[in-house]
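The primary structure of each chain is shown beneath.
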Amino acid sequence: MTRCLHFAGWLLLLGMLSPSSRAADRPVIVAFGDSVTAERGDIEVYPQLLAKELGFDGGGVTVINAGIGGHTTTMGKRRFRKEVLELNPDVVVIMFGINDAAVDVWKTPPATEPRVSLAAYRDNLTTMVRALKKREVHAVLMTPNPIHWVERTRELYGKPPYRPGEVEGFQVFLRNYVAAVREVAAREKVGLVDVCAAFKEYDASRQGKPGALTPDGMHPASRGHRIIADLLIDHLAETDPRFARNPSTARDRRDEVDAKHPTAPTALAPDALGGDN
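Predicted, not measured: the structure shown is a model, and the values here were computed from it.

Rules used in this analysis
- Residues numbered from 1 in each chain as written.
- Predicted model: local features only at pLDDT ≥ 70, side-chain atom pairs only at ≥ 80, totals over all residues.
- Heavy atoms only, no water.
- Helix = DSSP H or I, 4+ residues; strand = E, 2+ residues; numbered from the N terminus.
- Buried < 20%, exposed > 50% of the residue type's maximum accessible area, 1.4 Å probe, protein only.
- Phe/Tyr/Trp six-rings, centres within 6.5 Å; stacked < 30°, edge-to-face > 60°.
- pLDDT = per-residue confidence, 0-100.
- Contact = heavy atoms within 4.5 Å.
- Polar contact = N/O pair within 3.5 Å; in protein donor to acceptor, adjacent residues only side chain to side chain.
- Expected span 1.5 Å × (residues − 1).
- Arc of directions from axis to C-beta.
- Pairing = 2+ DSSP bridges.

Q: Got a minute to help me understand the environment of Val 193 in this structure?
A: Assignment of secondary structure puts Val 193 in strand E7 (residues 191–193). According to the relative accessible area criterion, Val 193 is buried, its value standing at 0%. Considered as a pair, Val 193 and Val 93 are 100 residues apart in the sequence and their alpha carbons are 9.3 Å apart.

Rendered as structure tokens:
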């Protein structure tokens, strides 16, 4: 049996199980982030794919989806103890950035700076990672996926300081936040899954325009979540051989792009485009 639970569902289950049975059951993985992580209608998001396809030592895993649309690292840090640390997880995957880097030029008056400064973003990630390391929890940082111009994002964000006339003009701030994730992962010697690099590699391999994996300009569609889940499964299997893809879910990938993430350091948004991403 696989388990992918929203945070509230996991609290209910905690009340039904004794501490000893929870500890002996299966490893707990918390996916912590914004609307890229949160459940999203008919799309099977990466935490759901992990719950279905990732095994541990011949058994399964429990995946808790703690993604909330619109959240930044500052918001995440406020709920980190209750929604992450108090669950006693074995692995925590952290993916924020699109909301942190957003400059809300659609507001009146228009914003001129990101919602969370780059320095604060870096500090927030560091604080969360160090809390996990202190508890000997396997921390995995993921870079935010690229964002792109589509009709709706251009309508909301197509003015300075963004550069609507440039193909990459919607990423003028986000690219620095992507770099910050890589820096924190390297400095703190924790896992890195470089979603941004993998998505860009996918676009390049198909010789298509940027954004093939994010049709609304921000959120990954099913193929994007498929790539994220594969990267995470590969990362966890590389760092702990007890993790492995469930044989029953193995797929023939001969027709798929091998979107591997760059080598991780050695060590063990957006729902309604605008204010509530």
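What follows continues from the structure just given.
Q: Looking at this model, I keep getting lost on helix H3 (residues 46–53). Mind explaining?
A: Counting buried positions along H3 gives six out of eight residues, so the element sits mostly inside the fold. Every buried residue of H3 is accounted for by Tyr 46, Pro 47, Leu 49, Leu 50, Ala 51 and Glu 53.

Q: Would you take a moment to explain the packing of aromatic side chains for this structure?
A: What characterises a pair of aromatic rings is the spacing of the ring centres plus the angle enclosed by the ring planes. Here the structure, examined in full by the defined rule, presents 10 aromatic pairs. Ring centres 5.3 Å apart and planes at 75° place the aromatic pair Phe 32 and Phe 96 in the edge-to-face group. Taken together, the positions of Phe 32 in strand E2 (residues 28–33) and Phe 96 in the loop between strand E5 (91–95) and helix H5 (98–101) put the pair 64 residues apart, joining distant regions of the chain. The pair formed by Phe 32 and Phe 96 is uniform in burial state, with each residue classed as buried. When the ring of Tyr 121 is compared with that of Tyr 177, the centres are 4.9 Å apart and the planes differ by 55°; the resulting orientation is tilted. Of this pair, Tyr 121 sits in helix H6 (residues 118–134) while Tyr 177 sits in helix H8 (residues 174–188), and the two are 56 residues apart along the sequence. Through a chain of ring-to-ring contacts, the aromatic side chains of Trp 149, Tyr 157, Tyr 162, Phe 170 and Phe 173 assemble into a single cluster.

Q: Sorry if this is basic, but what is going on with the confidence of the model for the protein here?
A: Residues shown with low pLDDT carry predicted positions that ought not to be read at fine detail. Taken over all residues, the pLDDT of the protein has a mean of 86, while the share at 70 or more is 81%. Note on residues 10–23: pLDDT is under 50 here. Beyond four places in sequence and across chains, it has 11 contacts. This stretch, residues 252–276, has a pLDDT under 50; its non-local contacts, to residues over four places away or in other chains, come to 78 contacts.

Q: What is the right way to read the side chain of Asp 194 from this model?
A: Structurally, the position occupied by Asp 194 is in the loop between E7 and helix H9 (195–205). With a relative accessible area of 4%, Asp 194 lands in the buried category. A distance of 3.1 Å separates a polar atom in the side chain of Asp 194 from the backbone nitrogen of Ala 197.

Q: Where do I start with H8 in this structure?
A: Note that an α-helix has 3.6 residues per turn; residues three or four places apart therefore point the same way. Taking 1.5 Å per residue, 15 residues should reach 21 Å; H8 reaches 21 Å between its end C-alpha atoms and fits that length. Taken residue by residue, H8 has Leu 174, Tyr 177, Val 178, Ala 180, Val 181, Val 184, Ala 185 and Glu 188 as its buried positions. For H8, the angular spread of buried residues about the axis comes to 155°, placing them on one side. Along its buried surface, H8 packs onto H5, H6, strand E6 (138–142), E7 and H9. Lys 189 occupies a position one or two residues after H8 and carries a positive phi of about 55°.

Q: Before we go on, may I ask you to explain the pairing of strand E4 (residues 62–67) in this structure?
A: Sheet faces and side chains relate simply in a regular strand, where the side chains alternate between the two faces. Of all the six residues making up E4, six are buried; the element is thus mostly covered by neighbouring parts of the structure. Of the strand pairs in this sheet, E2 and E4 are connected by six bridges, and their pairing is parallel. Directly across from Val 28, in E4, lies its bridge partner Thr 62.

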